[in-house]
Amino acid sequence: MATSLDPEMFDPVCPSDLSPIRFRDKWAGMIIRCLEAGPRRFSELRVPLRGITAKVLTRSLRTLEEDGLVGRTVHTGSVRRVEYALTPLGRSLLGPMDVACKWTRRHWDELLDAREGVTPGAPEL
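Just so it is clear, the structure is predicted and the values come from calculations on it, not from any experiment. (Residues numbered from 1 in each chain as written. Predicted model: local features only at pLDDT ≥ 70, side-chain atom pairs only at ≥ 80, totals over all residues. Heavy atoms only, no water.)

Focus on the overall build of the chain
In plain terms, the rule: Only DSSP runs of H or I reaching four residues or more are called helices, and only runs of E reaching two or more are called strands; each is numbered from the N terminus. Type-normalised accessible area, obtained with a 1.4 Å probe on protein chains alone, sets the label of each residue: buried when under 20%, exposed when over 50%, and partly exposed for intermediate values. We call two residues contacting when some pair of their heavy atoms lies within 4.5 Å. All accessibility values rest on the Shrake-Rupley procedure with a 1.4 Å probe; residue burial counts only the protein chains present in the view.
When helices and strands are counted, the chain shows 7 helices and 3 strands. Reading the chain from its N terminus to its C terminus gives the helix and strand order α-α-β-α-α-β-β-α-α-α. Per-residue burial over the chain gives 33% buried out of 125 residues. A separation threshold of at least 6 residues defines the contact pool for the chain, and within that pool the share at least 24 residues apart is 59%. Per element, the accessible surface of the chain, about 8100 Å² overall, is 55% carbon and sulfur.

Focus on the packing of helix H6 (residues 94-106) against helix H7 (residues 108-115)
What counts, and what does not: Lines fitted to C-alpha atoms define the axes here, with helix axes fitted over just the stretch in contact, and angles between the N-to-C directions of these axes take values from 0 to 180 degrees. Angular relationships are summarised with four words: roughly parallel below 35 degrees, roughly antiparallel beyond 145, roughly perpendicular across 65 to 115, and oblique for the angles in between. Note that Gly is not counted as nonpolar here; it falls among the polar residues with everything else outside the nonpolar set of Ala, Val, Leu, Ile, Met, Phe, Trp, Tyr, Cys and Pro and the charged set of Asp, Glu, Lys and Arg.
Two numbers describe how H6 lies on H7: the axes approach to 4 Å, and their chain directions differ by 70 degrees. Comparing the axis directions of H6 and H7 gives the class roughly perpendicular. Taken together, the residues of H7 that come into contact with H6 (itself represented by Trp103, Thr104, Arg105 and Arg106) are Trp108, Glu110 and Leu111. Across the contact of H6 with H7, the residue classes break down as 3 nonpolar, 1 polar and 3 charged.

Things to note about the environment of leucine 86
Take leucine 86: it is sitting in strand S3 (residues 81-86). As a C-alpha pair, leucine 86 and alanine 37 span 49 residues in sequence and 9.2 Å in three-dimensional space.

As for the side chain of threonine 87
By the element assignment, threonine 87 lies in the loop between S3 and helix H5 (88-91). In contact with threonine 87, other than residues within four places in its own chain, are Gly68, Leu69, Val70 and Gly71.

Focus: helix H2 (residues 28-35)
Within H2, 8 of the 8 residues are buried, which leaves the element mostly enclosed by the surrounding structure. Buried within H2 are the following residues: Ala28, Gly29, Met30, Ile31, Ile32, Arg33, Cys34 and Leu35.

Regarding the packing of H2 against helix H4 (residues 54-66)
Viewed as axis vectors pointing N to C, H2 and H4 meet at an angle of 75 degrees, and their least axial separation amounts to 10 Å. Relative to H4, the element H2 lies roughly perpendicular. Residues Ala28, Ile31 and Ile32 of H2 lie in contact with H4, whose contacting residues are Leu57, Ser60, Leu61 and Leu64. When the residues that make up the contact of H2 with H4 are grouped by side-chain class, the tally is 6 nonpolar, 1 polar and no charged.

No statement about biological role is implied by the geometric values presented.
Below is the structure:
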């Protein structure tokens with residue numbers, strides 16, 4: 001089993017929310033990052049994704065599953081549990097995500113300025 005997910009894994013002003021490059025929906029990229037180190041249970045995903053509702057997390061996981069990026073495994077036994085994991089197709093998305101994150105970090109200030117309505121090169125008042 002992978003180590004626990006860090007509750008502070010995503011900054012509240014997370015670049016994924018600022019980036020114009022999206023992977024499916026607002027949460028998909030963060031879910032994929034949470035699954036990068038191995039399978040996770042629903043409740044584990046809620047720790048670093050504390051801003052997501054259970055309904056939206058369920059919807060995002062189902063959509064990622066329908067896209068073939070995430071697999072869902074039901075473990076039966078004395079205690080039934082469900083785990084989500086990246087499929088090989090989902091894992092192949094990690095490289096492009098790294099490139100998008102690097103681009104976002106490099107252009108962070110420009111993106112913030114654009115969101116705040118600052119025109120590049122305009123004199124400050």
